[in-house]
Amino acid sequence: MTALIDYRRDGRVALIGLSRPPVNALGQALRQALAEAFEQALADPQVQALVIHGQGRAFSAGADINEFGTPAAFETPGLASLLERLAQSPKPVIAAISGVALGGGLETALACGYRLCTQGATLGLPETRIGLLPGAGGTQRLPRLIGAQAALDMIISGEPVTATKALELGLVDRLVDNADTLLEAAVDFASALLETPAPAQRPWPHANPAQGLPADFFSAYATRHARRWHGQLAPQLALEAVRAACEGSLAEGLAKEQVLFAQLESSPQSAALRYQFFAQREALKVPGIDKHTARRTVAGVAVIGAGTMGGGIAMNFANAGIPVTLLELKGEALDRGLAHVRQQYDSAVKRGKLSPRQLDERMALITGTLEYADIAQADLVIEAVFESLAIKQNVFRTLDEVCKPGAILATNTSTLDVDLIAAVTRRPQDVIGLHFFSPANIMRLLEVVRGRETSAQVLATTLDLARRIDKIAVVSGVCFGFIGNRMLEPYAREAHRLVLEGATPAQVDGVLTDLGLAMGVLSMYDLAGIDVGYRVRESRRDAIAHDPSYCKLADELYAQGHHGQKTGRGFYRYNGRERIEDYEVVACAEVLANELGIARRTVSNEEIHDRCLFMLINEGVQLLDEGIAQRGGDIDLVWINGYGFPAWLGGPLYYAEQLGLQRVLAGIEHYREQLGDYGQMWFQPAPLLQRLVAGQHTHIQRL
Ligand code: 3H9
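Nothing here was measured: the structure is a model prediction, and the numbers come from that model.

1. Brief notes about the state of the cysteines
Counted according to the given criterion, the structure contains zero disulfides. As a non-bridged cysteine, cysteine 112 has cysteine 117 as the owner of its nearest cysteine sulfur, 13 Å distant. The buried category is assigned to cysteine 112, whose relative accessible area is 1%. Of the cysteine sulfurs around cysteine 588, a residue in no disulfide, the closest is that of cysteine 551, at 14 Å. With a relative accessible area of 15%, cysteine 588 lands in the buried category.

2. Focus: the pattern of salt bridges
Within the structure shown, the criterion is met by 46 salt bridges. As a salt-bridge pair, lysine 285 and glutamate 282 come within 3.6 Å of each other at their nearest N and O atoms. One salt bridge in this structure joins arginine 357 and glutamate 361, with 3.2 Å as the shortest N-O distance. Placement of both arginine 357 and glutamate 361 in helix H14 (residues 356-364) is noted, with a separation of four residues, approximately one turn of the helix. Linked by salt bridges that have partners in common, Arg493, Glu494, Arg497, Glu501, Arg601, Glu607 and Arg611 make up one network.

3. Section: the environment of alanine 255
In this fold, alanine 255 is placed in helix H10 (residues 250-265). Along the primary structure alanine 255 and alanine 241 are separated by 14 residues, whereas in three dimensions their C-alpha atoms are 9.8 Å apart.

4. Notes on the sheet that holds strand S9 (residues 161-162)
Taken in spatial order, the four strands line up as S4-S6-S8-S9 in an open sheet, and their pairing is mixed. Pairing within the sheet leaves two strands with one partner each, and these edge strands are strand S4 (58-60) and S9. Sitting on the sheet, helix H3 (residues 104-111) is in contact with S4, strand S6 (100-102) and strand S8 (122-124), with an inclination near 90° to S6.

5. Here we look at the domain arrangement of the protein chain
If you check the domain split of the protein chain, you get domain 1 (5-265), domain 2 (301-476) and domain 3 (484-694). Relative to domain 2, the C-alpha centre of domain 1 lies at a distance of 41 Å.

6. Brief notes about the site of the ligand
Taken together, 29 residues lie around the ligand, and Arg57, Glu107, Glu127, Arg281 and Arg467 are the ones closest in. Taking glutamate 107, its side chain carries an N or O atom lying 2.7 Å from an oxygen atom of the ligand. Lysine 285 places a polar side-chain atom, nitrogen or oxygen, 2.9 Å from an oxygen atom of the ligand. Protein chains shield 77% of the accessible area of the ligand, which is 1,000 Å² for the free molecule. Broken down by secondary-structure element, the contributors of at least two residues to the shell around the ligand are S6, H3 and helix H11 (268-282). The biggest single contributor to the shell around the ligand is H11, with three residues. For the shell around the ligand, a count of residues per class yields 17 nonpolar, five polar and seven charged.

7. A short note on the sheet that holds strand S5 (residues 93-97)
Pairing is mixed across the open sheet formed by six strands, whose spatial order is S1-S2-S3-S5-S7-S10. Two strands lie at the open edges of the sheet, namely strand S1 (5-10) and strand S10 (174-176), each paired on one side alone. Sheet twist, expressed as the average angle between the axes of neighbouring strands with direction ignored, equals 20°. In terms of strand pairing, S1 meets strand S2 (residues 13-18) through six bridges, oriented antiparallel. Bridge pairing in S2 places arginine 8 opposite leucine 15. Contacting S1, S2, strand S3 (49-54) and S5, helix H1 (residues 28-43) crosses the sheet at an angle of about 15° to S1.

Basis of the calculations
- Residues numbered from 1 in each chain as written.
- Predicted model: local features only at pLDDT ≥ 70, side-chain atom pairs only at ≥ 80, totals over all residues.
- Heavy atoms only, no water.
- Disulfide = S-S within 2.5 Å.
- Buried < 20%, exposed > 50% of the residue type's maximum accessible area, 1.4 Å probe, protein only.
- Salt bridge = Lys/Arg side-chain N within 4 Å of Asp/Glu carboxyl O.
- Helix = DSSP H or I, 4+ residues; strand = E, 2+ residues; numbered from the N terminus.
- Pairing = 2+ DSSP bridges.
- Contact = heavy atoms within 4.5 Å.
- Axes fitted to C-alpha atoms, helices over the stretch in contact; angles between N-to-C directions.
- Domains from an automatic or database assignment.
- Near = heavy atom within 4 Å.
- Polar contact = N/O pair within 3.5 Å; in protein donor to acceptor, adjacent residues only side chain to side chain.
- Areas by Shrake-Rupley, 256 points an atom, 1.4 Å probe, with all protein chains shown as cover.
- Nonpolar A, V, L, I, M, F, W, Y, C, P; charged D, E, K, R; others polar.

Here you go:
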């Protein structure tokens, strides 16, 4: 037997251990080895029952994602046919699950006649998250086991369930305390089955999975989710596959699933999402840091500033069970901040996302204070005060005085120079940028800004911490706006300028949301606050003063007190959250264009797309060239998780590769000529983009 399987016999029971670290991904070689082990057990007259288990930290994380898009994905034995063979076993097969059983891993367990799992196990079908559907029987066997509705929820959300929930759903037959006793329990379970004797496969508890559901169940489900699924293929085809489970035989359903799976496997959307999966893991590989780099202990955190941002940041730590002290200067502001945090938790309780007990536990982890002395022992302090260099430097001078040696001092600045903040302390090696995105308790992106002197230890510690608080961390170097906001600048600049040239805000935003962005950029400015954008421009007037049209309309809105959603008016009017086009804004744009000598014209959607997107891409390529971002994948992660760029397009740089780098460069050069002085001013192709195109490279990489 190959080393990929640990095969043993315990009396009448064959123990088949998947043994492919780190997560027993079911690549071709492991599938082959499993098939051989299975046949060996069937052929052995002494074996009367089989137990399949995973060695190491997983039962199995499913199919090997690396194989998709290559012939290896379907090389024999294909997972679907292997599991079909398993499901036909004349001897009972028991899945003994510890760690994770995900995707094809859970499908393997579903093909077995019986399932046990440890208390700490998680089980799920996350395939739609990488643009696929469960393609090894999951869409057919799960509904027959737990009913169509529960199965559909699991498959569409991709959310794994706990062992307790799995038992409740009927997904597993029994829970076992821990991995140490799992195999013993599985062998006992098998022996009991043989005594009964029990059948190798039991009849499906939900032979008719849609029984009891309304006739329009599937169409109503699709309608309910239409907005969320906008543009995405996987959830729609997954729904179709589950519907097939309700309308025909198992064999017919399995055949249908195969066809739908193949369609998704070869789709550009899945390729983009798989790229994202690996980019997220790559992002944690940072030069100068590895598993040997010493980490500091972070057992207590302090946050300076109890505004919306500070409160949101504090919640992340409380959610992860880490005590956090929230510091404000004035009692009223502190009370308001703490009340806001409680309100957020209250609303989570109302939505059933949190129990009242959890609310109490989390609030108990958050302590308010007005005294810097109370944060002296914090292991990590995160400053989240007003976005002004002078104010932040003052905070850091104080932190340098009061914080214990070895404390990590972080700034949540979104644009400012982290090195200038670090420079006011006597410990710049302990200073780092931790740029949370608003709302900080919800958005998963965390830009980790490595200052010139930030130590490897501090960086490694914060990356580990990001994982503890469930953030997607991306490391950026120091520059104005880091990766995200620096790229936002030219992208938003074009959106603003296009309105002066003749597009309406709704047209600009519509082009972006049609592409799949969660929100148009002008709506985003209304949400973030027109005043916030104004203040950022104020801090860098020297860099933009040469363009008199630069965000001129937004400056005017600011002057009129139209600060966006919070004042009911900005680029749009608001009725609550409802956005309404504002013809006064269009009239204002006309007046400004006239004053600035900009000829108004009909702007095509294609021009909006190309100018906004190509400038966004161009800046990303430039960041890569400057070494601010380490790789294209990091940039794509930032834009998907921080700015609502559609994941199924892979991120701006991946999207550029799909469009063709030549096309992007040609577009930039075109507008450089066509837009006269304005074009000359801003449409400067990134030298790396020029080099890539000149070298006929199709992928974005540093040269
Ligand atoms: C599927 O099953 C399709 C079937 O329905 C039909 C087939 C016909 N493949 O995340 P980590 C690697 S689709 C290949 O850092 P954690 C990962 O890249 C699959 N590699 O650890 C990393 O490598 P490296 C459905 C995989 O503890 C290393 O393992 N399944 C796979 O934070 C450690 O991973 C999924 O979508 C894989 N399937 O989290 C599950 N999984 O060290 C995807 C992991 O070189 N996986 N790797 O960077 C996960 O969700 C998490 O990795 C897991 C572990 C929770 C398992």
